[in-house]
Amino acid sequence: PFFSVADIRRTFLDFFAQRGHTVVPSSPLVPGNDPTLMFTNSGMVQFKDVFLGTDKRPYVRAASVQACLRAGGKHNDLENVGYTARHHTFFEMLGNWSFGDYFKRESLKWSWELLTGVFRLPPDRLWATVYHEDDESYDIWTQEIGLPPERVVRIGDNKGGKYQSDNFWMMADTGPCGPCSEIFYDHGPEVPGGPPGSPDADGDRYIEIWNNVFMQFDMQPDGSVRPLPAPCVDTGMGLERLAAILQGVHSNYEIDLFRALIAAAARATGTRDLDSPSLRVIADHIRATAFLVADGVIPSNEGRGYVQRRIIRRAIRHGYKLGCTAPFFHKLVPDLVAQMGEAYPNLAANAQRVVEVLKAEEERFFETLAHGMEILDGALAGGQGTLPGEVAFKLHDTYGFPLDLTNDVCRERGVSVDVAGFEAAMERQKAQARAAGKFKMDRVLDYAGPSNAFVGYESLHAPAKVV
Ligand code: ATP
Ligand code: MG
Ligand code: MG
Ligand code: MG
């Protein structure tokens, strides 16, 4: 059966509501309870204090559809956008939680029931992974759910060190942690890529759709684990990835919602080729940047605001590549609101402001973009394999090109960027500025947010205020 994105949200929440879960609204992209976290990057963020035991809720089961952003911060998928079929910066995560209530058995069985019974995914296309020591989950999959053992893969400590594994989740260096079990869908042999755990698992054939995290331990400072008194469940499934399967397409960018956004991007940029990767990037980035403005993040030169600026400018550069020399990006906002405004009333309510903020940033960047691109094109014309750090720095400093934008252009042309040289140039400039007393270095240093190594300032624009 065909499920629209809206159908999937409703079906998911109804399924868990019928099983005693309280439906909780999506929380803002800027976490209210955690200044160390750049953006809400999963559904559990709003429950973090519940897991830590410092917050209590009047329910022990919850479900949500959470707006997530993975750009900047520990989880960063910005560089994947336009390159994989399955990654976005902004995406929606479907999740269900148990706070000391049900555990592995119920959770895995419900995942299976929803996927195969309600959404009717063919069971023989599904695979599962478990942490290598988690026999409990392995047995539930193979003996109770009946997944053939060939399709239940034990994943070891594949990230170097005890409990360092794709299938072992930790909230932080200490505290709640535990094994996780992930469900994958096989899109078929036409797509390159190997099954989970194999050397070419990074391809797009076997796509991870749902992660069941079982918090059952409390990690000690010495790296040992103790059982938690009340184990919890935290799950997350990518809405767009599920939609792709249910709509019979391989890429997330071919689902109903993205088709509409890509059509809007094609219109705004005057592009006829709907398969252009730049349209996918623009469609992805309008979601991220519009939701960020709606949640109060405006472009700036530090921290969250700088991530916002990087995403907007990256989108604008892709529009420029398609031939735009004047603001176009903000024109996608009405189409986005038409697609997502009902599910996210805050987006709809802030639409006008989103248009204004994006347009202002576009006007600003279009002043320097063409000239910067000329310089970059000139530097790349020589055909060397590496762009000198000095050039990347000049683009950053004088033309407002964030390093990842320069990287993005270079990657398209098979050229790498001398990042060490860029950093050295940045350091030299800072030293000169210090000597000349032009900048207050204490402020500049403050601006180097947790995830941006090079966010100091752009001399073209005055250093931004701390938001
Ligand atoms: P991947 O290995 O594909 O990058 P992940 O292991 O980083 O995914 P989790 O942190 O386990 O993802 O998040 C739970 C689910 O959220 C994933 O199983 C996936 O369906 C979805 N998801 C994660 N990152 C993205 C993204 N960048 N865009 C769209 N969906 C995502
Ligand atoms: Mg990931
Ligand atoms: Mg993964
Ligand atoms: Mg995962």
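Predicted, not measured: the structure shown is a model, and the values here were computed from it.

Novice: Run through the nonpolar core, naming residues and quoting values.
Specialist: The biggest cluster of nonpolar side chains holds 116 residues, and the ones touching the most others in it are W141 and I209. Sequence-distant contacts of I209, defined by excluding residues within four places in its chain, comprise L115, L121, L126, I183, F184, Y185, G236, M237, G238, R241 and I245. Counting 16 residues, the second largest nonpolar core, distinct from the first, contains F51, F99, V213 and M215.

Novice: Before we move on, can you summarise the pairing of strand β3 (residues 90-98) with the specific residues and values?
Specialist: Within β3, nine of the nine residues are buried, which leaves the element mostly enclosed by the surrounding structure. Neither face of β3 is left uncovered, since the one carrying F90, E92, L94, N96 and S98 and the one carrying F91, M93, G95 and W97 both have all their residues buried. In this structure, strand β2 (residues 61-69) lies alongside β3, joined through nine bridges in antiparallel fashion. Bridge assignment links C68 to a residue of β3, and that residue is F91. Relative to strand β9 (residues 225-238), β3 is paired through four bridges, and the arrangement is antiparallel. Counterpart to L94 in the pairing with β9 is M237.

Novice: So what's going on with the pattern of salt bridges? Residues and values would help.
Specialist: Two side chains carrying opposite charge are able to pair once their charged atoms lie near each other. What the rule picks out here adds up to 29 salt bridges. Residue D7 is joined to R10 by a salt bridge in which the shortest nitrogen-to-oxygen separation is 3.4 Å. Residue D7 and its partner R10 are both found in helix α1 (residues 5-17); the two are separated by three residues, about one turn of the helix. When its relative accessible area of 22% is taken as the criterion, D7 is described as partly exposed. The residue K162 makes a salt bridge to E133 at a minimum N-O spacing of 2.3 Å. Of this pair, K162 sits in the loop between β5 (152-155) and β6 (168-170) while E133 is found in the loop between β4 (126-131) and α4 (135-145), placing the two residues 29 residues apart along the sequence. By relative accessible area, K162 is classed as partly exposed at 43%.

Novice: Provide a residue-level description of the state of the cysteines, including the pertinent values.
Specialist: Working definition of a disulfide: a covalent bond connecting the sulfur atoms of two cysteines. Tallied over the full model, the rule gives zero disulfides. Of all cysteine sulfurs, the one in C180 lies closest to C177, which takes part in no disulfide; the gap is 11 Å. The class of C177 is buried, set by a relative accessible area of 1%. Sulfur of C232: no disulfide; nearest cysteine sulfur belongs to C177 and is 12 Å away.

Novice: Can you lay out the packing of helix α8 (residues 303-321) against helix α11 (residues 351-381) for me, pointing to particular residues and giving the numbers?
Specialist: Two quantities define a packed helix pair, namely the angle between the helix axes and the distance between the axes. Two numbers describe how α8 lies on α11: the axes approach to 10 Å, and their chain directions differ by 60°. The pairing of α8 with α11 is recorded here as oblique in orientation. α11 is crossed by α8, and the crossing has right-handed handedness. Seen from α8, the contacting residues are R309, I312, R313, I316, R317 and Y320; seen from α11, they are L358, E361, E362, R364, F365, F366, L369, A370 and M373.

Cut-offs and rules
Residues numbered from 1 in each chain as written. Chains lettered and ligands numbered in written order. Predicted model: local features only at pLDDT ≥ 70, side-chain atom pairs only at ≥ 80, totals over all residues. Heavy atoms only, no water. Core = buried A, V, L, I, M, F, W, Y, C linked by side-chain atoms within 4.5 Å. Buried < 20%, exposed > 50% of the residue type's maximum accessible area, 1.4 Å probe, protein only. Contact = heavy atoms within 4.5 Å. Helix = DSSP H or I, 4+ residues; strand = E, 2+ residues; numbered from the N terminus. Pairing = 2+ DSSP bridges. Salt bridge = Lys/Arg side-chain N within 4 Å of Asp/Glu carboxyl O. Disulfide = S-S within 2.5 Å. Axes fitted to C-alpha atoms, helices over the stretch in contact; angles between N-to-C directions. Parallel < 35°, antiparallel > 145°, perpendicular 65-115°, else oblique. Left-handed = near helix turned anticlockwise from the far one by under 90°.

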